[in-house]
Amino acid sequence: MQLKEFKIKWGMVVDIDKCTGCGACMVSCQVENNIAPMTAEDPHNNLQSMTTKRDDPSNKLRTLTWLNVYELNNGEAFPNRDTAYLPRPCMQCGHPACVPVCPVVATEKNEEGGIVSQIYPRCIGCRYCMAACPYHARYFNWWDPLWPDGMDKTLSPDTSVRPRGVVEKCNFCHTRYLKAKDRAREEGIDPMELPEGYYVPACVEVCPTGAITFGDLNNPEHKVHELSKNPNSFRLLEKLGLAPQVYYMSKREWVRKQGDNHAAGDHNSAVKQASQGHE
């Protein structure tokens, strides 16, 4: 697939050295995007004893998490042990491996901004996109979404709830992008030239340490433009050539080395172990 260039290219730079692994970004993502928690029992299914039981909430193969935080380490024993945390949303790749494999064009990269879309009514649940994504950033809905009593009242009215049988993923809180453009029009600002901070995903807004910076990678006035070119910046699995719009940065060399840990026989094992734990 040819690299698609856009005037606006939304992206983020995650400063791993600032990330404490608190998980606030994961929680805010769940709330903002109406991602249902896994519940073992369905109080609305009176015939549950006669039907297949829902999965246990601890089953990580069936839970939905658009944003995961992985724990990395340098593989050394105490007192030389060093730990880092790596938040992983959808990479919004310039060469998205998930797009060309979709047989029904349910995922695309055509909108200005370079965000890879997911069109739920078109998705047939074949999961080819999940198999193609090397970042494991896509999730399949094994069950209809179900919230514990009372929590359904907290649903965001801006984000649609996805049904069982479709794949979903991070979209940089796309509804916030739409709202930012509407606000810009009302205030006489060109929606194609949003000022820095006008549009930020929920994970960026809530991060207590400011580890995630978001903006237009093509706009020199946005901080991410400069940060993405920092000598300590890198992208996950850069060698695959997928051109992710998510960058990471760390002053620690072992962290940067693990970011490209995809080759067979690689001696860096921490990311590999984290990936296996996610599968």
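What you see is a predicted model; the values in this text were computed from it and never measured.

Rules and cut-offs
Residues numbered from 1 in each chain as written. Predicted model: local features only at pLDDT ≥ 70, side-chain atom pairs only at ≥ 80, totals over all residues. Heavy atoms only, no water. Helix = DSSP H or I, 4+ residues; strand = E, 2+ residues; numbered from the N terminus. Buried < 20%, exposed > 50% of the residue type's maximum accessible area, 1.4 Å probe, protein only. Polar contact = N/O pair within 3.5 Å; in protein donor to acceptor, adjacent residues only side chain to side chain. pLDDT = per-residue confidence, 0-100. Contact = heavy atoms within 4.5 Å. Phe/Tyr/Trp six-rings, centres within 6.5 Å; stacked < 30°, edge-to-face > 60°. Salt bridge = Lys/Arg side-chain N within 4 Å of Asp/Glu carboxyl O.

Caption draft 1: Representation of unusual backbone geometry within the structure. With an omega of 10°, the peptide bond running from Phe-78 to Pro-79 counts as cis. With respect to the element layout, Pro-79 can be found in the loop between strand S2 (68-73) and strand S3 (83-88). Despite not being glycine, Val-105 has its phi angle at roughly 50°, a positive value. Tracing the backbone shows Val-105 in the loop between S3 and strand S4 (107-108).

Caption draft 2: How the structure looks around the side chain of Asn-68. Tracing the backbone through its elements, the reader meets Asn-68 in strand S2. You can call Asn-68 buried: its relative accessible area is 14%. Within polar-contact distance, the side chain of Asn-68 engages the side chain of Tyr-139 at 3.3 Å.

Caption draft 3: Representation of the confidence of the model for the protein. On average, residues of the protein carry a pLDDT of 89, and 89% of them reach 70 or more. Counted against residues more than four places away or in other chains, residues 267-279, with its pLDDT under 50, gives 23 contacts.

Caption draft 4: Fine view of the packing of aromatic side chains. Scanning the entire structure with this criterion turns up eight aromatic pairs. Where Trp-10 meets Phe-214, the ring centres are 5.7 Å apart and the plane angle is 10°; that geometry is what we call stacked. Taken together, the positions of Trp-10 in strand S1 (residues 10-15) and Phe-214 in strand S8 (residues 212-216) put the pair 204 residues apart, joining distant regions of the chain. Relative accessible area serves as the criterion here: at 4%, Phe-214 is assigned to the buried category. Relative to Phe-214, the ring of Phe-172 has its centre 5.1 Å away and its plane inclined at 90°; by these criteria the two rings are edge-to-face.

Caption draft 5: Summary view of the environment of Cys-93. Note that Cys-93 resides in the loop between S3 and S4. Linking Cys-93 and Val-116, residues 23 residues apart in sequence, is a C-alpha distance of 7.5 Å. Aside from chain neighbours lying at most four places away, what touches Cys-93 is Lys-109, Val-116, Tyr-135, Leu-242, Ala-243 and Pro-244.

Caption draft 6: View of the pattern of salt bridges. Counted according to the given criterion, the structure contains 13 salt bridges. Note that Lys-7 and Glu-193 form a salt bridge whose closest N and O atoms lie 3.8 Å from each other. Of this pair, Lys-7 sits in the segment before S1 while Glu-193 sits in the loop between helix H3 (174-186) and helix H4 (202-206); the two residues are 186 residues apart in sequence, bridging distant segments of the chain. Overlapping salt bridges, with partners in common, bring together Asp-17, Asp-82 and Arg-252 in one network.

Caption draft 7: Examining the environment of Glu-71 more closely. Among the structural elements, Glu-71 can be located in strand S2. Relative accessible area serves as the criterion here: at 48%, Glu-71 is assigned to the partly exposed category. Remark: the alpha-carbon pair of Glu-71 and Pro-87, spanning 16 residues in sequence, is separated by 8.9 Å.

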